[in-house]
Amino acid sequence: MSKLRVAVLGAKGRIGSEAVRAVEAADDLELVAALGRGDTLETLAETGAQVAVELTNPDSVMANLEYCVGHGIHAVVGTTGWTDERLAQLNGWLSASPETGVLIAPNFSIGAVLTMKFAQQAARYFESVEVIELHHPNKADAPSGTAARTAQLIAAARREADCAPQPDATSTALDGARGADVDGIPVHSVRLRGLLAHQEVLLGGEGETLTIRHDSLHHSSFMPGILLGARRVVTTPGLTFGLEHFLDLN
Ligand SMILES: NC(=O)C1=CN([C@@H]2O[C@H](COP(=O)(O)OP(=O)(O)OC[C@H]3O[C@@H](n4cnc5c(N)ncnc54)[C@H](O)[C@@H]3O)[C@@H](O)[C@H]2O)C=CC1
Ligand SMILES: O=C(O)C1=N[C@H](C(=O)O)C[C@H](O)C1
């Protein structure tokens, strides 16, 4: 059986370099291109890449995806910085190339995907919910894509259940002291040498709290999700947001 032809964009970065090794090590995948900043995207068409794994940064991702979708190259995207406007633009490109698939995964690690799901399930049962994400200090964006997505899922679950607004008597606060407001959920970002990628969802009710915590201790935690995404995206046209859609989670 022929191998799936995979390219990695952002191949010299922290996660991209790990993805290059993971693709090379997979029996059913062939690494046909490993592109860094300044390399031409034409390499993707020239090498016949079927899937591009996009792990660059929010400034580069849109141009890369415009090229990929325009050339019918499926994409697995880990890069952060997604807004409604960006998603609408991507959907526009996809509607002109209806057989192409794009997976955007705020987080490729199974533990983080489960954290989001558990938080979504728990959100309606507690009066208070806050998210704390903790990352290495070289991270460009805050809050993390995972934390933003977690907060959006929590907020949607609370809206659906008609939850009351969270109790919070704060009347004076230093800027930032209560974190960023993502759909009404406070999200706090820590940047600390020694960390990689971590998240806590704190839920509080009368006389009890629940903490859901996940730790990515190595970039290897993201690799099974990236490889699964590459294998599945080629048969899943259109936009898929979240790795959970490729997992058998009930
Ligand atoms: N979804 C997930 O599970 C994960 C997502 N990420 C995200 O992936 C992105 C990259 O993270 P890191 O590897 O830590 O950053 P990094 O800064 O170490 O790597 C990014 C690399 O992309 C390169 N680059 C920038 N523009 C490019 C372009 N147009 N073409 C090719 N290469 C380009 C940079 O030179 C750099 O080598 C971030 O948005 C991060 O949040 C990171 C880890 C897991
Ligand atoms: O930059 C990182 O490192 C990570 N970025 C993603 C995010 O912003 O959520 C995923 C993971 O947290 C690691």
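Residues numbered from 1 in each chain as written. Chains lettered and ligands numbered in written order. Predicted model: local features only at pLDDT ≥ 70, side-chain atom pairs only at ≥ 80, totals over all residues. Heavy atoms only, no water.

## A look at the site of ligand 1
Where we set the bar: Throughout, near means a residue has at least one heavy atom within 4 Å of the molecule or strand. Counted as a polar contact is a pair of N or O atoms within 3.5 Å, where, for protein atoms, one must be capable of donating a hydrogen and the other of accepting one, and residues adjacent in sequence contribute only when both atoms are in side chains. In this description, accessible areas are obtained by the Shrake-Rupley approach with a 1.4 Å probe, and a residue is regarded as covered only by the protein chains that are shown. In this classification, the charged set is Asp, Glu, Lys and Arg, the nonpolar set is Ala, Val, Leu, Ile, Met, Phe, Trp, Tyr, Cys and Pro, and all remaining amino acids, among them Gly, are polar.
As a matter of local geometry, ligand 1 sits amid 22 residues, with Arg14, Ser60, Thr80, Ala105 and Phe108 nearest to it. In this structure, lysine 139 approaches ligand 1 through a side-chain N or O atom, which is 3.0 Å from an oxygen atom. Considering ligand 1 on its own, with 860 Å² of exposed area, one finds that the protein chains cover 82% of that surface. Split into classes, the residues belonging to the shell around ligand 1 amount to 7 nonpolar, 11 polar and 4 charged.

## Considering the nonpolar core
Spelled out, the test is: Here, the term nonpolar core denotes a set of buried Ala, Val, Leu, Ile, Met, Phe, Trp, Tyr and Cys residues that are joined through side-chain atoms within 4.5 Å. Three labels apply to residues, based on accessible area from a 1.4 Å probe with only protein chains included: buried if under 20% of the type maximum, exposed if over 50%, partly exposed otherwise in between. Secondary structure elements are defined from DSSP: runs of H or I of at least 4 residues count as helices, runs of E of at least 2 residues count as strands, and each element is numbered from the N terminus. Should any heavy atoms of two residues lie within 4.5 Å, those residues are counted as being in contact.
Ranked by size, the top nonpolar core spans 28 residues in total, and within it Val76 and Phe108 carry the most contacts. With 5 residues, helix H7 (residues 223-233) is the single largest residue contributor to this core. Each residue touching valine 76, except ones within four places of it in the same chain, is listed here: Val51, Ala52, Val53, Glu54, Leu103, Phe108, Ile226, Gly229, Ala230 and Val233. Counting 17 residues, the second largest nonpolar core, distinct from the first, contains Ala119, Val131, Ala147 and Val201.

## Structural notes on the site of ligand 2
Taken together, Thr80, Pro106, Asn107, His135, His136, Lys139, Asp141, Ser144, Gly145, Thr146, Ala197 and Phe222 make up the full set of residues near ligand 2. A distance of 2.6 Å separates an oxygen atom of ligand 2 from a polar atom in the side chain of histidine 135. In the complex, 84% of the free accessible area of ligand 2, which totals 320 Å², lies under the protein chains. Within the shell around ligand 2, the residues separate by chemical class into 3 nonpolar, 7 polar and 2 charged.

## Quick word on the packing of helix H1 (residues 14-25) against H7
Our working rule: Fitted lines through C-alpha atoms give the axes, limited to the stretch in contact for helices. The angle between two N-to-C directions lies from 0 to 180 degrees. What makes a crossing left-handed is the near helix being turned counterclockwise from the far one by less than a right angle; a clockwise turn instead makes it right-handed.
Between H1 and H7, whose axes approach to 10 Å, the crossing angle comes to 65°. Where H1 crosses over H7, the two elements pack in a sense that is right-handed. Along its contact with H1, which presents Ile15, Glu18, Ala19, Ala22 and Val23, the element H7 presents Met223, Ile226 and Leu227. Of the residues that constitute the contact of H1 with H7, the class distribution is 7 nonpolar, no polar and 1 charged.

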